Amino acid sequence: VAVVVYTYKLSPFCTETTALLDRLGIAYKEISLGLEWIPGLIDKNKGAKTRAGLYKMTGQTSLPHVFIVGGDDGDGEIKSIGGLFTGNPGLVPALRDGSFFDLI
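In this report, we go over the structure that sits alongside the text. Not measured: the values here are computed from a predicted model. (Residues numbered from 1 in each chain as written. Predicted model: local features only at pLDDT ≥ 70, side-chain atom pairs only at ≥ 80, totals over all residues. Heavy atoms only, no water.)

Attention shifts here to the pattern of salt bridges. Overall, the coordinates contain 1 salt bridge when judged by the stated rule. We note a salt bridge from Glu 16 to Arg 23, for which the minimum N-O separation is 2.9 Å. Given the relative accessible area of 55%, Arg 23 is considered exposed. (Salt bridge = Lys/Arg side-chain N within 4 Å of Asp/Glu carboxyl O. Buried < 20%, exposed > 50% of the residue type's maximum accessible area, 1.4 Å probe, protein only.)

Laid out in structure tokens, this is it:
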């Protein structure tokens, strides 16, 4: 099982998400799409395309976006958790109700 977090480097919500995972001792892979979503700050090679792909997958373009990738070697089902506070259900709500730990 793998935890993957898509982030922007200047986003306080992204920083808080990775800090929370760090405090809990949860290993994750961070994929940064650039400094921020603003043109000129987003990575022009992969950021905009990845953001569009995330939207197609989840209906959400805001970051952070947390995913759980199942399987022993991280090649199984992909579950979108969402952002820090919102999404499906969001990282903090999933931690509060215990569903995050059930997935990892």
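Having put the structure on the table, let's press on.
The next point concerns the nonpolar core. One finds Val 3, Leu 20, Leu 21, Val 66, Ile 81, Leu 91 and Phe 100 to be the most contacted residues of the largest nonpolar core, which totals 14 residues. Where this core is concerned, the elements lending two or more residues are β1 (2–7), α1 (12–24), β3 (65–69) and α3 (91–97). Examining the composition of this core, we find that 4 residues originate from one element, α3, more than from any other. Of all hydrophobic cores here, the second largest spans 10 residues; its members include Val 4, Tyr 8, Cys 14 and Phe 67. (Core = buried A, V, L, I, M, F, W, Y, C linked by side-chain atoms within 4.5 Å. Helix = DSSP H or I, 4+ residues; strand = E, 2+ residues; numbered from the N terminus.)

On to the environment of Ser 99. Counting through the fold element by element, Ser 99 comes out in helix α4 (residues 99–103). For Ser 99, a relative accessible area of 24% puts it in the partly exposed group. Sequence separation of Ser 99 and Ile 81 is 18 residues, and the distance between their C-alpha atoms is 9.9 Å. A polar contact is formed between the side chain of Ser 99 and the side chain of Asp 97, at a distance of 2.7 Å. (Polar contact = N/O pair within 3.5 Å; in protein donor to acceptor, adjacent residues only side chain to side chain.)

Here the focus is the side chain of Ser 80. Relative to the helices and strands, Ser 80 resides in strand β4 (residues 78–82). According to the relative accessible area criterion, Ser 80 is buried, its value standing at 16%. A polar contact of 2.6 Å, which involves the side chain of Ser 80, links it to the side chain of His 65. Filtering out sequence-adjacent residues up to four positions away, Ser 80 remains in contact with Thr 58, His 65, Val 66, Phe 67 and Asn 88. (Contact = heavy atoms within 4.5 Å.)

Here the focus is the sheet that holds β3. One open sheet holds the 4 strands; their spatial order is β2-β1-β3-β4, and the pairing between them is mixed. A strand with exactly one partner marks an edge of an open sheet, and here the two such strands are β2 (29–32) and β4. Direction aside, neighbouring strands of the sheet carry axes that sit 25° apart on average. Those strands touched by helix α2 (residues 47–58) are β1, β3 and β4, and its axis lies near 65° from that of β3. (Pairing = 2+ DSSP bridges. Axes fitted to C-alpha atoms, helices over the stretch in contact; angles between N-to-C directions.)

Function-wise, these values are silent; they only describe arrangement.
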